[in-house]
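Single-letter residue listing:
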Amino acid sequence: MGRLFVVNLEGKIYSCKHCKTHLATYEDIISKSFHCKHGKAYLFNKVANVSIGETEERLMMTGKHTVADIFCVSCGSIVGWKYETAHEKNQKYKEGKSVLERFKISGPDGSNYWVSSHGRHIGGSDADDA
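Not measured: the values here are computed from a predicted model.

Caption draft 1: Looking closely at the packing of aromatic side chains. Summed over the entire model, instances satisfying the criterion amount to four aromatic pairs. Ring geometry for Y14 versus F44: centroids 5.6 Å apart, planes at 70 degrees, classification edge-to-face. With a gap of 30 residues between them, Y14 in strand β1 (residues 13–16) and F44 in strand β4 (residues 39–44) connect regions that are remote in the sequence. This pair shows no difference in class: Y14 is buried, exactly as F44 is. Relative to Y83, the ring of W81 has its centre 6.3 Å away and its plane inclined at 75 degrees; by these criteria the two rings are edge-to-face. Residue classification places W81 among the buried positions, given a relative accessible area of 7%. Overall, the relative accessible area of 2% leaves Y83 in the buried class. Three or more aromatic residues joined by ring pairs form one cluster here, namely Y14, Y42 and F44. Here the basic side chain of K12 rests over the ring of Y26, its NZ or CZ set 4.8 Å away from the ring centre. Directly above the ring of F103 sits K17, whose terminal nitrogen or CZ lies 3.9 Å from the centroid.

Conventions and cut-offs
Residues numbered from 1 in each chain as written. Predicted model: local features only at pLDDT ≥ 70, side-chain atom pairs only at ≥ 80, totals over all residues. Heavy atoms only, no water. Phe/Tyr/Trp six-rings, centres within 6.5 Å; stacked < 30°, edge-to-face > 60°. Helix = DSSP H or I, 4+ residues; strand = E, 2+ residues; numbered from the N terminus. Buried < 20%, exposed > 50% of the residue type's maximum accessible area, 1.4 Å probe, protein only. Lys NZ or Arg CZ within 6 Å of the ring centre and 35° of its normal.

Here it is as structure tokens:
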């Protein structure tokens, strides 16, 4: 196994909730209106310290997309997905952008989201949503 190089970001940081590796900054958020099976998800212009999985076609709420899961480079946890191709013209703005699932990351203030066994949000906070 090779040497692992991890980028340390500055500012308001979103990090992997398992190992605290920096993943993105607050300034790179494009939208907080995304959703995943665990609840909230944020669209970021760029992310760091992730590896990209195999691409696949997925039918999402906004149409068909070619996406790849993204993983924390330090611990290997899946943290979201990257849009490779959007098949709908009005969704092209997502291409090359990444979504981090709020349930799988810690916020800039160290906050986490928790999900019950029934899939509903039951705790945590996100001060920058206010």
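Next comes the rest of the write-up.
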